[in-house]
Amino acid sequence: MALATTPPQLPANAATEYGFGWFVDTYRGEKRWRHTGETSGFHNAIMRFPGRRLTVIVLTNRSSGEPDAIAERIADRLLFR
């Protein structure tokens with residue numbers, strides 16, 4: 001997991017939030033690992049808050065909608081209320 005959640009050192013000190021399979025950032029001051037994906041008819045999101053031991057997964061069977069926004073709203077209710 002350490003490798004997957006550590007953005008690489010890029011040439012010329014270019015910045016990236018992408019590790020090996022995860023975007024790494026902060027949300028409301030908490031470290032967050034996240035990824036979204038879609039294919040024909042599906043749109044999904046996963047967010048992990050390792051410091052708070054919470055993972056939110058939103059799976060849909062539709063091509064519309066915003067599962068990443070839904071995952072953030074769930075995290076807001078569980079972590080930041």
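Residues numbered from 1 in each chain as written. Predicted model: local features only at pLDDT ≥ 70, side-chain atom pairs only at ≥ 80, totals over all residues. Heavy atoms only, no water.

Caption draft 1: Summary view of the pairing of strand β1 (residues 23-27). In this structure, β1 lies alongside strand β2 (residues 30-39), joined through five bridges in antiparallel fashion. If you follow V24 over to β2, its bridge partner there is W33. The hairpin turn running from β1 into β2, its antiparallel successor, is two residues long, and R28 in that turn takes a positive phi close to 55 degrees. (Pairing = 2+ DSSP bridges. Helix = DSSP H or I, 4+ residues; strand = E, 2+ residues; numbered from the N terminus.)

Caption draft 2: Summary view of unusual backbone geometry. For R28, which is not a glycine, the phi torsion comes out positive at approximately 55 degrees. With respect to the helices, strands and loops of the structure, R28 is situated in the loop between β1 and β2. Judged by relative accessible area, which is 56%, R28 ranks as exposed. (Buried < 20%, exposed > 50% of the residue type's maximum accessible area, 1.4 Å probe, protein only.)

Caption draft 3: Representation of the side chain of T60. With respect to the helices and strands, T60 occurs in strand β4 (residues 54-60). Residue T60 is classed as buried on the basis of its relative accessible area, which comes to 17%. Within the local environment of T60, its side chain forms a polar contact with the backbone oxygen of R62, the two atoms lying 3.3 Å apart. Ignoring any residue separated from it by four or fewer positions in sequence, one finds T60 in contact with G41, F42, H43, N44 and P67. (Polar contact = N/O pair within 3.5 Å; in protein donor to acceptor, adjacent residues only side chain to side chain. Contact = heavy atoms within 4.5 Å.)

Caption draft 4: Molecular detail of helix α1 (residues 67-79). Given a rise of 1.5 Å per residue, 13 residues ought to cover 18 Å, and the 18 Å separating the end C-alpha atoms of α1 matches this to within 8%. Every buried residue belonging to α1 is among P67, A69, A71, A75, D76 and L79, and all of these are buried. Those residues of α1 that are buried lie in contact with β1, β3 (42-49) and β4. (Expected span 1.5 Å × (residues − 1).)

Caption draft 5: Representation of the sheet that holds β1 within the structure. Taken together, the four strands give an open sheet; going across it, the order is β1-β2-β3-β4, and neighbouring strands pair in antiparallel fashion. If you trace the sheet from one side to the other, it starts and ends with β1 and β4, each paired once. Across the sheet, the mean angle from the axis of one strand to that of its neighbour is 25 degrees, orientation sign disregarded. Pairing between β3 and β4: seven bridges, direction antiparallel. Looking at β4, one finds that H43 is bridged to T60. (Axes fitted to C-alpha atoms, helices over the stretch in contact; angles between N-to-C directions.)

Caption draft 6: Highlighting the packing of aromatic side chains. Counted under the stated rule, the structure contains three aromatic pairs. When the centroid spacing of 6.3 Å and the interplanar angle of 55 degrees are considered together, the rings of Y27 and F49 count as tilted. Placement of the pair is Y27 in strand β1 and F49 in strand β3, with a sequence separation of 22 residues. Residue Y27 is classed as buried on the basis of its relative accessible area of 13%. Assessed through its relative accessible area of 0%, F49 is described here as buried. With centroids separated by 6.0 Å and ring planes inclined at 70 degrees, the aromatic side chains of Y27 and F80 adopt a geometry described as edge-to-face. Here F80 lies in the segment after α1 and Y27 lies in strand β1, a separation of 53 residues in the sequence. Ring pairs connect the aromatic residues Y27, F49 and F80, which therefore count as one cluster. Over the aromatic face of F80 sits the side chain of R52, whose NZ or CZ is 6.0 Å from the ring centroid. (Phe/Tyr/Trp six-rings, centres within 6.5 Å; stacked < 30°, edge-to-face > 60°. Lys NZ or Arg CZ within 6 Å of the ring centre and 35° of its normal.)

Function-wise, these values are silent; they only describe arrangement.
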